[in-house]
Amino acid sequence: AGDWRLETGSSASQASSHKPPTSGPWIGRGQCLEHAGEGEAYLSVLEAVGHLCQRPDSADFLRVLRRYAPTWLLHLPGVVEPEDRELLQRQGAGATQSQMLREMAEALEAGSADRLVILVLEDLHVSDPSTVELVAYLAQRRGRARLLLIGSYRPIDMILSEHPLRGRLQELLALGSGQTLALELWTEAEVAAYLCRRLATATLPGSLARWVAAQTDGNALFVTHMVEYLLEQQRLTREEGHWRLSGDLTADVVPDTLQRLILAQFHSLPSEQQQVLEAASIVGPVFSAASVAAALQRLPEVIEENCDRLVQ
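Keep in mind it's a predicted model, so treat the numbers as computed, not measured. (Residues numbered from 1 in each chain as written. Predicted model: local features only at pLDDT ≥ 70, side-chain atom pairs only at ≥ 80, totals over all residues. Heavy atoms only, no water.)

Visitor: Could you clarify how one ought to interpret the overall build of the protein chain in this entry?
Guide: Tallying secondary structure elements over the protein chain gives 15 helices and nine strands in all. Out of the 312 residues in the protein chain, the part that is buried amounts to 38%. Taking all contacts inside the protein chain whose residues are at least 6 apart in sequence as the whole, residues at least 24 apart take part in 71%. Just so you have it, the protein chain exposes about 17600 Å², and 51% of that area is on carbon and sulfur atoms. (Helix = DSSP H or I, 4+ residues; strand = E, 2+ residues; numbered from the N terminus. Buried < 20%, exposed > 50% of the residue type's maximum accessible area, 1.4 Å probe, protein only. Contact = heavy atoms within 4.5 Å. Areas by Shrake-Rupley, 256 points an atom, 1.4 Å probe, with all protein chains shown as cover.)

Right under this line is the structure:
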């Protein structure tokens, strides 16, 4: 209706696979971490591969790595014996990141010949550039593989930091090499379902689900932080097998973890856009460009332009 609206959201991405597996799947999980410096190459992938090497049936996967990706074994301490490590160091002398890309791709294709391989990489928006290149390389390989690569990321953080993942994702989606699954805002019923599962209960206290849904707009990330906050502050406690609420649930609550997250995003914006958001937040969740322009003594078209950039 000609007004601007402040909203929040997050999403996750997923690449698809085909053919049913003929035996139990190999599932590896890796967590991307934000670094002040350059960070270790392939950190989350190494964690995921390390998990596969620790499975009870890891012998088969280790044989695949030894044959197709020996360079990767050098980066997995505790996986190989010292005498084998010396041999691998001689074989892998002078190995490049391009070689590591090819080795892992061939290992995953070989390992998935008779079973499904699933790699889950969390928070790709803070991943190192080498991990992004590996994701893109795997997605564009022409070889047939029972490989499912699932990566989660927060679009806002990816955009604000100008992370290389953004460009790569656009290329892969344009080529049909993957698909994006947006995490929609939860309804009150879905918030209630999450709360029941998180608290391991079939009944919730009073208006807890309604209040949490209203406080978070159903944003899944905010919901999880809000529940942890209530538990940490002991405003949500378990007594005689039942969950009970204490304190006033009518006031607005923003956990410290969410405040830091929001402020970090806010301070990464240009100063002019920060001023627009500050003025808009005073007006309310729904605002007109004219009202913000009057508050900042700017032309309405300048405010419109900044709002357009913020939406993008």
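Visitor: Help me out: how do you make sense of the packing of helix H13 (residues 271–283) against helix H14 (residues 289–296) in this one?
Guide: Geometrically, a packed helix pair is captured by the angle between its two axes and the distance between the axes. Interaxial distance between H13 and H14 falls to 9 Å at its minimum, and their mutual angle equals 115°. What the angle tells us is that H13 and H14 run roughly perpendicular. Considering only the axes of H13 and H14, their crossing is right-handed. When H13 is examined against H14, the residues Gln275, Val276, Ala279, Ala280 and Val283 are found in contact with a partner set consisting of Ser291, Val292, Ala295 and Leu296. Its residues placed into classes, the contact of H13 with H14 shows seven nonpolar, two polar and no charged. (Axes fitted to C-alpha atoms, helices over the stretch in contact; angles between N-to-C directions. Parallel < 35°, antiparallel > 145°, perpendicular 65-115°, else oblique. Left-handed = near helix turned anticlockwise from the far one by under 90°. Nonpolar A, V, L, I, M, F, W, Y, C, P; charged D, E, K, R; others polar.)

Visitor: Would you mind going over the packing of aromatic side chains with me for this structure?
Guide: The description of two aromatic rings rests on the distance between their centres and on the angle between their planes. Going through the model one piece at a time under the given rule, you end up with three aromatic pairs. Geometrically, the ring pair formed by Trp26 and Phe61 is edge-to-face, given 5.1 Å between the ring centres and 75° between the ring planes. Placement of Trp26 in strand S3 (residues 26–31) and of Phe61 in helix H2 (residues 58–68) is noted, with a sequence separation of 35 residues between them. Phe61 shares its class with Trp26; the two are buried. Ring centres of Tyr42 and Trp72 lie 5.0 Å apart, and the angle between their planes is 50°; on these two criteria the pair is classed as tilted. Here Tyr42, found in the loop between S3 and helix H1 (43–53), pairs with Trp72, found in helix H3 (residues 70–73); they are 30 residues apart in sequence, far enough to count as distant. Its relative accessible area of 0% is what places Trp72 among the buried residues. (Phe/Tyr/Trp six-rings, centres within 6.5 Å; stacked < 30°, edge-to-face > 60°.)

Visitor: Even after reading the chapter, I still don't get the environment of Ala107, so can you show me in this structure?
Guide: By secondary structure assignment, the location of Ala107 is in helix H5 (residues 97–111). The class of Ala107 is buried, set by a relative accessible area of 1%. Sequence separation between Ala107 and Phe61 is 46 residues, and the spatial gap between their C-alpha atoms is 8.9 Å.

Visitor: Looking at this model, I keep getting lost on the environment of Thr257. Mind explaining?
Guide: Looking at the secondary structure, you find Thr257 in helix H12 (residues 256–267). Along the sequence, Thr257 and Tyr229 sit 28 residues apart, while their C-alpha atoms lie 8.7 Å from each other. There is a polar contact of 2.8 Å between the side chain of Thr257 and the side chain of His225. (Polar contact = N/O pair within 3.5 Å; in protein donor to acceptor, adjacent residues only side chain to side chain.)

Visitor: Looking at this structure, I do not really get H1. What am I missing?
Guide: Think of an α-helix as turning once every 3.6 residues; residues three or four places apart then point the same way. In terms of residue burial, H1 counts as a mostly covered element, since eight of its eleven residues are buried. Taken together, the buried positions of H1 are occupied by Ser44, Val45, Leu46, Ala48, Val49, Gly50, Leu52 and Cys53. Along its buried surface, H1 packs onto S3, H2, H3, H5, strand S4 (117–122) and helix H6 (129–140).

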